[in-house]
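# Per-entry structural report
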Amino acid sequence: MHSFDVLVIGGGHAGVEAACAAARMGARTALVSFDLAAIGAMSCNPAIGGLGKGHLVREVDALDGVLGRAADAGAIHYRMLNRSKGSAVWGPRVQADRLRFKAAVQAAVRGQPNLTLVQGEAAALLLEGERVAGLELADGTMFHVKHLVLCTGTFLGGILFRGEERFEGGRIGENAAHRLAQQLRGADLPMARLKTGTPPRLDGRTIDWAVLEEQPSDGEAWTMSPLTPRRVNPQVFCAITRTTQAGHDAIRANLHRSPLFLGAIAAAGPRYCPSIEDKIHRFGDREGHQVFLEPEGLDTHMVYPNGISTSLPVDVQEEVVRTMPGCGRAVIVQPGYAVEYDHIDPRALTPDLQVRAIPGLYCAGQINGTTGYEEAAAQGLVAGLEAAAAALGKQAPALDRANSYIAVMVDDLTLQGVSEPYRMLTARAEYRLRLRANNAATRLTGLGIEEGCIGEERRRWWERREATREMFHVKHSQRVHARELADLGLPVRRDQGEKPLAEWLRYDGVTPEALAPWLGEITALDPLLAEEMAEDAAYAPYLARQDAELRDLRASEALPLPADFPYAEVPGLSNEMVERLSNAAPGTLAAAGRVPGVTPAALSALLVHARRRLAA
Amino acid sequence: MSAAETIFALSSGAPPAGVGVIRVSGPAAREAVLALAGRMPEARRASLARLRDSNGALLDEALVLWFPGPNTATGEDLAEFHCHGGRAVIAAVEGALAILDGVRRAEPGEFTRRAFANGWIDLAEAEGLADLLSAETELQRAAALANAGGALSRQVEAWRERVLGLSAEVEGVLDFSDEEDSADLPECFTWNIAALAGELGEWLARPRSERLGEGFRVVLAGPPNAGKSTLFNALVESEAAITSPIAGTTRDVIERAVAIAGVPFTFVDTAGLREGEAADPIEAIGIDRARGALARADAVLWLGAEGEGPEGAWEIAAQVDRAGFAAKTGAHFTVSAMTGEGVLGLKTALVEAARAGLPKPGEAALNTRQHARLAEAAEALEAARALADPLLVAEELRRARLAFDRLIGRATTEDMLDTLFGRFCIGK
């Protein structure tokens, strides 16, 4: 019998982060996967990051995760989305070469101390009472482990749909873990089904690139991880094409052959990333929909047409593709398909992503009803840190809605549940102005160092950066008179007196570059930090206002609601509210306020009863 | 509700009256009905019963209503005895209730407190009910009723929905613009924010609800022996005295709170104002205070020489019955407090002026706390209107929503704690 502190099932983005995070915390960790060679595969879009998602990548990276550096290792195209808006909503995104990305992930996993890789099929959980005691593989191998992280993606009860065809399994050519799924169903966990889809892959050699609008990699030098000093790969361009009326007609004529419209797939799909047949059905008046042609790598001709995810039969997929400009002769290498899969209602999880009914069992990724690599990776990180902390009697870094998108997501999932695949959006973060993609390290790396999940290399980088920050602080506190700025041609009124540079940075048109006479060479020392601190100064009045709000929030967070709080005994709560609150089991009064449907009047009742219980 | 105690109180007006309604709320309400009526009536149906005390003596024949919790006004089991409204009957029924186990007389406002604590009303409604309980005049009652009935809460919810709609438009621009057909904010967006801010502004400009408690302040001023005190007495006498208004700070300035035609007034009689040196230091202090009273007045009745009173004062030609009466050419009113001539006309005009300066009957009025929150929301909307960066616009809209949430207690904030543990003494 093998014994580990933490065992992770699944080698996708969630599993990799969970296993590496647990190992970084010092836990003896095992990662079990059907196929070790598939670890690090990108099953869908070759893009990593984007709006909201880019924040998650940076945060996972700030806690020394794998995703950011692997994205840089694979990146063949960088683009900062929302560049024209305020920096808090910028979305760093890369297109990654599948092979290079996977190689980087494999190297990270194999080079991770404390981590053992095990190839095999997870067959059954071993329980002692309600608690997790171990895992049995299909070949009979047994593991003794009390902290088990389930990162099985769409493999749980996954069924693929393509036209009239049906296949079992999570991805084309892989098995679905049906035995484990049956066991989880038997455990009476709240489960539901969701669907997702993927577009057909095209042979780039059959696309007429010359007629298409190019979207080049942006010319700047930024990378996903500050530990990646510079972009390593040659940069390629993406191209933009559109669906056409002829293609829409073909889709409409064949809607009866789509499993979505046949009723074969009843589960809800993501509104944010609908299939092309959904788009045509719901927005029929549109002339055409944008499609991004994204190269999948430097050594492959595969192209990912982003925007036409579909489960239509292969012949219709081909017809639709060929009506798009530049794709008249395009050849489909692998057809698109839809996947319907089981997920656990995440309200059954505690904020550390542990199944409330089965202590020791953690869940992360698509199994919790989310979509996207970044969302999966971020949850994997949380589950891995928490499982390791529990196993070793340590603390995981304290994440909350005011310090990370990661915590926003976990809080949303565990309190509100999902009705469609959950995707990160900046709109979900109420303290968005302080949660910028470019200050993730400032927000989180220090916390990670305190709790011991940051490796040596990043720790050294952090110490250097903190020293530089101190120097910036000194420079920023210099007081300069308005006249001196005006003399340089900066847009400030001369009668505004003397202020520290940090305050001048709040003024439109006053940039760190413009203040070079006072900041001197220091900006060049760490341009990214200079930019971050200038933004802090610009947002300072808003952040100060939020501070007051946060103090108030923390007061409500100080009032605990035990998991077994008798909501049914609180008069004034409707049956629906009692059910929602019981399902979500908010840990504090503040969390109860975020459970959907809880009215102000009900909240006051909860406050009174919680106080009474506390006093009793 | 876990509070073991059951409370009762006369919930209709002071006896004697036609009917006296005694309310009982709490876990022992059922036992109380059984003890007095001898049986449980059908829920939510009025039924006639003979009420008896513990010795079996007949107390009254009354209508009994039984409302099992939690869907009741307090969220608890609730019973009502509609008795005959004589003092003796009510005292006897209350006496019979008071000796039951776990049953006691309610403290002022305790029914409201329980309704709030049991999640039946939100913060703004609870504040309205608290005001309702202390209302002494018809105007106070009507305004408090509007808040207690949720008029303000419904209005705030409606505003909140509109801000949410505006937020959704900004968030769409922020989160999806790079994905397809990048959209900018529609042209009417700023206009919509301005319209909403304008509505809030109208509410903010209304008189506060505290004004109802203080009443419309009418100050009588003029030189010594101009007839101020006589007119003062003529104005306040035979009117219902009210007790709640904030007491005056000095005895040199005599204040009297009365309700005229249901409108709360505070009449203030000042020491005579005279030019030059005061006769003695004590009088000087009195005159200083009189000037202070004038500054806080809603209306000043000037009984001195024409044109010498404070700006905007009502020129009153008093003592018309006297031999040496000095007529004023521009007098608003010519009165004799002794004969009553002109006093009714003056009162009517004061009531009219007060109605304009106090919250309208039936219209929800804001108290200071609510006013501050609403002002915060209005300020955020004004800021949002002026900003170009959608990210900051979104932040200001969020701030407006937060202010609304705090107003009605949706956010679990200090506001709610203050109200719960301060004004309502819950949990102490």
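Remember, it's a predicted structure, so these values are computed and weren't measured experimentally.

Here we come to the packing of helix α6 (residues 151-176) of chain B against helix α13 (residues 390-408) of chain B. All names here are of chain B. Where α6 contacts α13, the axes come no closer than 9 Å and their chain directions differ by 160°. Accordingly, the angle class assigned to the pair α6 and α13 is roughly antiparallel. Handedness of the α6/α13 crossing: left-handed. Its residues assigned to classes, the contact of α6 with α13 comprises 17 nonpolar, 2 polar and 5 charged.

Attention now goes to the sheet that holds strand β15 (residues 238-242) of chain A. Residues and elements named next belong to chain A. Strand order in the open sheet made by the 6 strands is β14-β15-β16-β17-β13-β18, with antiparallel pairing throughout. Every interior strand has two partners, whereas the edge strands, β14 (213-215) and β18 (332-334), have only one. Neighbouring strand axes in the sheet, compared pairwise and without regard to direction, differ in orientation by 40° on average. In terms of strand pairing, β15 meets strand β16 (residues 290-295) through 4 bridges, oriented antiparallel. Along β16, the bridge assignment pairs I240 with F292.

All names here are of chain B. Among the 8 residues in helix α3 (residues 110-117), 8 count as buried, and that is most of the element. Taken together, the buried positions of α3 are E110, F111, T112, R113, R114, A115, F116 and A117. Just downstream of α3, G119 is the residue with a positive phi angle, here 80°.

Looking now at the sheet that holds strand β19 (residues 337-344) of chain A. Residues and elements named next belong to chain A. The sheet built from 4 strands is open, its strands ordered β11-β10-β19-β12 with antiparallel pairing. For this open sheet the edge positions go to β11 (165-168) and β12 (191-198), each flanked by a neighbour on one side alone. Taken over all neighbouring pairs, the strand axes of this sheet differ in orientation by 25° on average, direction set aside. Of the strand pairs in this sheet, β12 and β19 are connected by 8 bridges, and their pairing is antiparallel. Bridging from a neighbouring strand, T198 pairs with Y337 of β19.

Let us look at the nonpolar core. Ranked by size, the top nonpolar core spans 96 residues in total, and within it L7(A), I48(A), L135(A), L148(A), V149(A), L150(A) and L361(A) carry the most contacts. Tallying contributions element by element places helix α10 (residues 373-392) of chain A first for this core, with 11 residues. Counting 40 residues, the second largest nonpolar core, distinct from the first, contains Y539(A), W159(B), F189(B) and I408(B).

Moving on to the environment of T223(A). All names here are of chain A. Inspection of the secondary structure assignment puts T223 in the loop between β14 and β15. Classification of T223 as buried rests on a relative accessible area of 11%. Through-space distance from the C-alpha of T223 to that of R69 is 8.7 Å; in sequence the pair is 154 residues apart. Leaving out residues up to four positions away in the same chain, T223 has contacts with R58, D72, Y78, T228, R230 and R231.

Let's shift gears to the interface of chain B and chain A. Each partner contributes to the interface: chain B provides 45 residues, whereas chain A provides 50 residues. Between chain B and chain A we count 3 salt bridges in total. Taking the shortest distance from any N to any O, the salt bridge between E549(A) and R398(B) comes out at 2.7 Å. Between chain B and chain A we count 6 residue pairs in polar contact (both at pLDDT 80 or more) in total. When contributions to the side of chain B that touches chain A are tallied by element, the ones reaching two or more residues are α3, α6, α13 and α14 (414-423) of chain B. Among the elements that make up the side of chain B that touches chain A, the one with the highest residue count is α13(B) (11 residues).

The subject of this paragraph is the packing of aromatic side chains. In this description, an aromatic ring pair is defined by two values, namely the gap between the centres and the angle between the planes. Per the counting criterion, the structure on display carries 10 aromatic pairs over all chains. Taken together, a centroid distance of 5.0 Å and an interplanar angle of 55° make the contact between F565(A) and Y567(A) tilted. As far as burial versus exposure is concerned, F565(A) and Y567(A) are alike and both buried. Every member of this aromatic cluster is reached through a ring pair, and the members are W159(B), W203(B) and F404(B). The ring centre of W504(A) lies 5.5 Å from the NZ or CZ of K499(A), which sits over that ring. Its guanidinium or amino end placed over the ring of W203(B), R206(B) lies 4.1 Å from that ring's centre, counting from NZ or CZ.

Cut-off values and rules
- Residues numbered from 1 in each chain as written.
- Chains lettered and ligands numbered in written order.
- Predicted model: local features only at pLDDT ≥ 70, side-chain atom pairs only at ≥ 80, totals over all residues.
- Heavy atoms only, no water.
- Axes fitted to C-alpha atoms, helices over the stretch in contact; angles between N-to-C directions.
- Helix = DSSP H or I, 4+ residues; strand = E, 2+ residues; numbered from the N terminus.
- Parallel < 35°, antiparallel > 145°, perpendicular 65-115°, else oblique.
- Left-handed = near helix turned anticlockwise from the far one by under 90°.
- Nonpolar A, V, L, I, M, F, W, Y, C, P; charged D, E, K, R; others polar.
- Pairing = 2+ DSSP bridges.
- Buried < 20%, exposed > 50% of the residue type's maximum accessible area, 1.4 Å probe, protein only.
- Core = buried A, V, L, I, M, F, W, Y, C linked by side-chain atoms within 4.5 Å.
- Contact = heavy atoms within 4.5 Å.
- Salt bridge = Lys/Arg side-chain N within 4 Å of Asp/Glu carboxyl O.
- Polar contact = N/O pair within 3.5 Å; in protein donor to acceptor, adjacent residues only side chain to side chain.
- Phe/Tyr/Trp six-rings, centres within 6.5 Å; stacked < 30°, edge-to-face > 60°.
- Lys NZ or Arg CZ within 6 Å of the ring centre and 35° of its normal.

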